[in-house]
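Chain by chain, the residues:
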Amino acid sequence: MPLGRHIDADNPTVDARLPDGSRVNAVIRFVAIDGPSITIRKFSKERLRIGDLIGFDTLTENMAELLKACMAARINIVVSRGTGSGKTTLLNILSEFIPEGERIVTIEDAAELQLNHLNIVRLETKAPNVEGKGAVTVRYLVRNALRMRPDRIIVGEVRGGEALDMLQAMNTGHYGSLTTVHANTPRDAISRLETLRLVSGVELPLRVVRKQIASAVDLIVQQTRLRDGSRKVTAISEVIGMDGDVVVMSDLFSYKDTGITENGKVIGMFRATGFRPMFGGRLEAAGYHLKPEIYGADTITLRRAGGQSR
């Protein structure tokens, strides 16, 4: 009741945000077979920094340096992640590299992001009333955000037709925008975006949809929760473009799981693939001249469709 939400036989689940920022979910009979259940997700009051993720072995210094440069250069990034992989923490940390003075609009189902910027507008969805009216969806908020003259749009998660509006925003000047999708690999993230784009209600050929994704998304950061509970950035992949009907991607960094200790701790290693990103010129224009060692000791030159080399 204090949150203005209701739960009853017709609406046996509720999801809300408590005054301290914690997330609460409640279920009652007959959805919850054994009786009512309440789950509260509390967040740390101390903000983690990129150095903390390096210390936790979530990613390496070189990976962090690349992500920092990408945020400053306004590279469009999609964070692909599984459940409980630390999406909110990663988005909070990445947002710290957004230059001051830019106008940011965040859109979430339940506000979790804690961005430390002066010019920020936080938007949150609204559940329908008891009559089933008055709902405010993520898609509606994304469309509204485009009228607020944002420099960047950050959507906590795309899970429906708002994928269309988010991709259009990335393609029409809102560079450096961020969002997340549920997927297990960067390639799966592309497929997930395809599916969400196709259910937006605007029918287009699959090739056109893929071309839109390839032109909007620059980088996919894969966040994974491993079987021992640790969280890793298991891949940083660049979206290069189209080759025929296929979206071409290239891993810049990857993580390989090599085994597990007697105590159940996952053993693995991060690896720089040696490829330089095609958007390297944009990083340099933003003042970031990353050394070749960032991408691996020996850089590799590839030739992509159209004759451009990397």
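Residues numbered from 1 in each chain as written. Predicted model: local features only at pLDDT ≥ 70, side-chain atom pairs only at ≥ 80, totals over all residues. Heavy atoms only, no water.

Residues and numbers for the overall build of the protein chain, please.
Scanning the protein chain from N- to C-terminus turns up eight helices and 12 strands. Overall, the C-alpha framework of the protein chain stretches about 60 × 50 × 40 Å when taken along its three principal axes. Here the protein chain holds 310 residues, and the buried ones make up 47% of them. Summing over all exposed atoms, the protein chain offers an accessible surface of approximately 16000 Å²; the carbon and sulfur share of this is 50%. Each charge class in the protein chain was averaged separately, 42 positive and 36 negative side chains, and the resulting centres sit 3 Å apart. (Helix = DSSP H or I, 4+ residues; strand = E, 2+ residues; numbered from the N terminus. Buried < 20%, exposed > 50% of the residue type's maximum accessible area, 1.4 Å probe, protein only. Areas by Shrake-Rupley, 256 points an atom, 1.4 Å probe, with all protein chains shown as cover. Lys, Arg positive; Asp, Glu negative; His and termini not counted. Charge placed at Lys NZ, Arg CZ, Asp CG, Glu CD.)

Which residues make up the sheet that holds strand E2 (residues 23–27), and what values go with them?
Working definition: the strands of a sheet are paired by backbone hydrogen bonds and lie parallel or antiparallel to each other. As summarised here, the arrangement of the three strands in space is E1-E2-E3, forming an open sheet in which the pairing is antiparallel. Unpaired on one side and paired on the other, strand E1 (13–17) and strand E3 (37–41) mark the two borders of the sheet. The mean angle between the axes of side-by-side strands here comes to 10 degrees, regardless of whether they run parallel or antiparallel. (Pairing = 2+ DSSP bridges. Axes fitted to C-alpha atoms, helices over the stretch in contact; angles between N-to-C directions.)

Pulling in residues and values, what's your account of the sheet that holds strand E11 (residues 246–260)?
If you trace the nine strands from one edge of the open sheet to the other, you get E6-E5-E7-E8-E4-E9-E10-E11-E12, paired in mixed fashion. Where the open sheet ends on each side, the last strands, each with one partner, are strand E6 (120–124) and strand E12 (266–272). Here the strands of the sheet are splayed against their neighbours by 25 degrees on average, with no regard to which way each runs. As defined by bridge partners, strand E10 (residues 231–243) adjoins E11 across eight bridges and the pair is classed as antiparallel. In the sheet register, Gly 241 faces E11, and the bridge partner there is Val 248. Packed onto the sheet, helix H6 (residues 186–198) meets strand E4 (77–81), strand E8 (178–182), strand E9 (219–225), E10 and E11 and runs at close to 135 degrees relative to E11. (Contact = heavy atoms within 4.5 Å.)

Go over the packing of helix H5 (residues 162–171) against helix H7 (residues 206–216), please, and point to the residues and values.
When two helices pack together, you describe them by how their axes are tilted relative to each other and by the distance separating the axes. Where H5 contacts H7, the axes come no closer than 8 Å and their chain directions differ by 50 degrees. Considering their axes alone, H5 and H7 lie oblique with respect to each other. Two packed elements cross with a definite hand, and for H5 against H7 that hand is left-handed. Here H5 contributes Leu 164, Leu 167, Gln 168, Met 170 and Asn 171 to the contact with H7, which in turn contributes Gln 212, Ile 213, Ser 215 and Ala 216. The residue inventory of the contact of H5 with H7, partitioned by class, reads five nonpolar, four polar and no charged. (Parallel < 35°, antiparallel > 145°, perpendicular 65-115°, else oblique. Left-handed = near helix turned anticlockwise from the far one by under 90°. Nonpolar A, V, L, I, M, F, W, Y, C, P; charged D, E, K, R; others polar.)

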